[in-house]
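Residue strings, one per chain:
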Amino acid sequence: MANRRLAPPELQPKEFAFTVENAAWAKKAIARYPEGRQQSAIIPLLWRAQEQHGGWLPEAAIRHVADMLGMAHIRALEVVTFYTMFLLAPVGKKAHVQVCGTTPCMLRGAQALFDICHKRIHEEPLHVSTDGDFSWEEVECLGACVNAPMVLIWNDTYEDLTAESFEKVLDGFAKGKPVKPGPQIDRQFSAPVGGPTTLTTVKA
């Protein structure tokens, strides 16, 4: 599973601060919560900090958000090390691939996806590819078990994957033209493959 540790010191920037626009956004986000409950804004603020910093959260950003919310730094660290949506080391510029490695995905072929990541991106997870464009890691359930196997890339899921279709997904990101997210076979979201099989008769 993913190693939920901060990046080594040599990769950490010395400081972090929100841009003027993001600081204004953060102020509004905090104001949505009742007095005394402002720390509940921790997840959206960390997410915005990650987006600002090129897709990963340095320690300085975590501390900056914690200070904004009056939280102990360790409390913010507890959040970022729990949720795999927060990336704690530099990631690929074009795509960071999170491969689901839980039982449904493994039973339906996720090992082939891992093999491609090993071969095409890096032998080890949480390392950036030689060209700097890709990185990958294994994560827990991504919540679309009926569409297994699947991956999450940035904000979108790519489901019902085979080795061939996963290669096409990566090709799309490599070219700057990602394929359409969702099932990569002919099905609508999580509907049955081939269309509905029950409740198909319409009463007059």
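Not measured: the values here are computed from a predicted model.

K.L.:
How should I be thinking about the state of the cysteines in this particular structure?
P.N.:
What is meant by a disulfide is a covalent connection between two cysteines, made through their sulfur atoms. Overall, the coordinates contain zero disulfides when judged by the stated rule. For C100, which is in no disulfide, the shortest distance to another cysteine sulfur is to C105 and amounts to 3.6 Å.

K.L.:
Is there a simple way to think about the pattern of salt bridges in this case?
P.N.:
Note that side chains of opposite charge can pair when their charged atoms are close. Considering all chains together, one arrives at eight salt bridges under this definition. A salt bridge links D133 to K93, with the shortest nitrogen-to-oxygen separation between them at 3.6 Å. Note that D133 is positioned in the loop between α6 (110–120) and β2 (134–139) and K93 in the loop between α4 (73–82) and β1 (95–100), a separation of 40 residues in sequence. Judged by relative accessible area, which is 61%, K93 ranks as exposed. For D171, the salt bridge goes to R120, with nearest N and O atoms at 2.6 Å. With a gap of 51 residues between them, D171 in helix α7 (residues 163–174) and R120 in helix α6 connect regions that are remote in the sequence. By relative accessible area, D171 is classed as partly exposed at 30%.

K.L.:
For this particular structure, what's the right way to read the packing of helix α2 (residues 42–52) against α4?
P.N.:
Where α2 meets α4, the axes come as close as 11 Å, and the angle between the chain directions of the two elements is 70 degrees. The angle between α2 and α4 falls in the class roughly perpendicular. Contact with α2, carried on its side by I42, I43 and L46, involves A76, V79 and V80 of α4 and no other residues of that element. For the contact of α2 with α4, the per-class residue count stands at six nonpolar, no polar and no charged.

K.L.:
What exactly am I supposed to notice about the side chain of S165 here?
P.N.:
Residue placement: S165 occurs in helix α7. Look at S165 and you get buried, because its relative accessible area is 13%. The residues contacting S165, other than those within four sequence positions of it, are D160 and Q184.

K.L.:
Explain α4 here, please?
P.N.:
Think of an α-helix as turning once every 3.6 residues; residues three or four places apart then point the same way. Every buried residue of α4 is listed here: A76, L77, V79 and V80. Considered in projection along α4, the buried side chains sweep an arc of 160 degrees and stay on one side of the axis. Pointing more than 90 degrees away from the buried face of α4 are the exposed residues I74 and F82. Of the surrounding elements, those touching the buried residues of α4 are α2 and α3 (59–68).

K.L.:
Looking at this model, I keep getting lost on the side chain of E137. Mind explaining?
P.N.:
On the secondary structure map, E137 appears in strand β2. Looking at E137, its side chain comes within polar contact range of the side chain of H96, at 2.9 Å. Reaching out from E137, the side chain makes a polar contact with the side chain of Q98 at a distance of 3.0 Å.

K.L.:
Which parts of the structure should I look at to understand α2?
P.N.:
Every buried residue of α2 is listed here: I42, L45, L46, A49 and Q50. Down the axis of α2, the smallest arc covering the buried residues is 140 degrees, so these residues share one side. Two residues or fewer after α2 comes G54, characterised by a positive phi angle close to 80 degrees.

K.L.:
I would appreciate a short explanation of the packing of aromatic side chains in the present structure.
P.N.:
Here the distance between the centres and the angle between the planes together describe a pair of aromatic rings. For the structure shown, the criterion picks out five aromatic pairs. Ring centres 4.8 Å apart and planes at 85 degrees place the aromatic pair F82 and Y83 in the edge-to-face group. For F82, a relative accessible area of 59% gives the class exposed. The partly exposed category is assigned to Y83, whose relative accessible area is 34%. Both rings, one in Y158 and one in F173, keep their centres 5.9 Å apart while their planes meet at 80 degrees; by these two values the pair is edge-to-face. Here F173 lies in helix α7 and Y158 lies in strand β4 (residues 156–159), a separation of 15 residues in the sequence. Of the two residues, Y158 and F173, neither departs from the other in class, the shared state being buried. A cation over a ring is seen here: R48 above W25, with NZ or CZ 3.9 Å from the ring centre.

Thresholds, definitions, all that
- Residues numbered from 1 in each chain as written.
- Predicted model: local features only at pLDDT ≥ 70, side-chain atom pairs only at ≥ 80, totals over all residues.
- Heavy atoms only, no water.
- Disulfide = S-S within 2.5 Å.
- Salt bridge = Lys/Arg side-chain N within 4 Å of Asp/Glu carboxyl O.
- Helix = DSSP H or I, 4+ residues; strand = E, 2+ residues; numbered from the N terminus.
- Buried < 20%, exposed > 50% of the residue type's maximum accessible area, 1.4 Å probe, protein only.
- Axes fitted to C-alpha atoms, helices over the stretch in contact; angles between N-to-C directions.
- Parallel < 35°, antiparallel > 145°, perpendicular 65-115°, else oblique.
- Contact = heavy atoms within 4.5 Å.
- Nonpolar A, V, L, I, M, F, W, Y, C, P; charged D, E, K, R; others polar.
- Arc of directions from axis to C-beta.
- Polar contact = N/O pair within 3.5 Å; in protein donor to acceptor, adjacent residues only side chain to side chain.
- Phe/Tyr/Trp six-rings, centres within 6.5 Å; stacked < 30°, edge-to-face > 60°.
- Lys NZ or Arg CZ within 6 Å of the ring centre and 35° of its normal.

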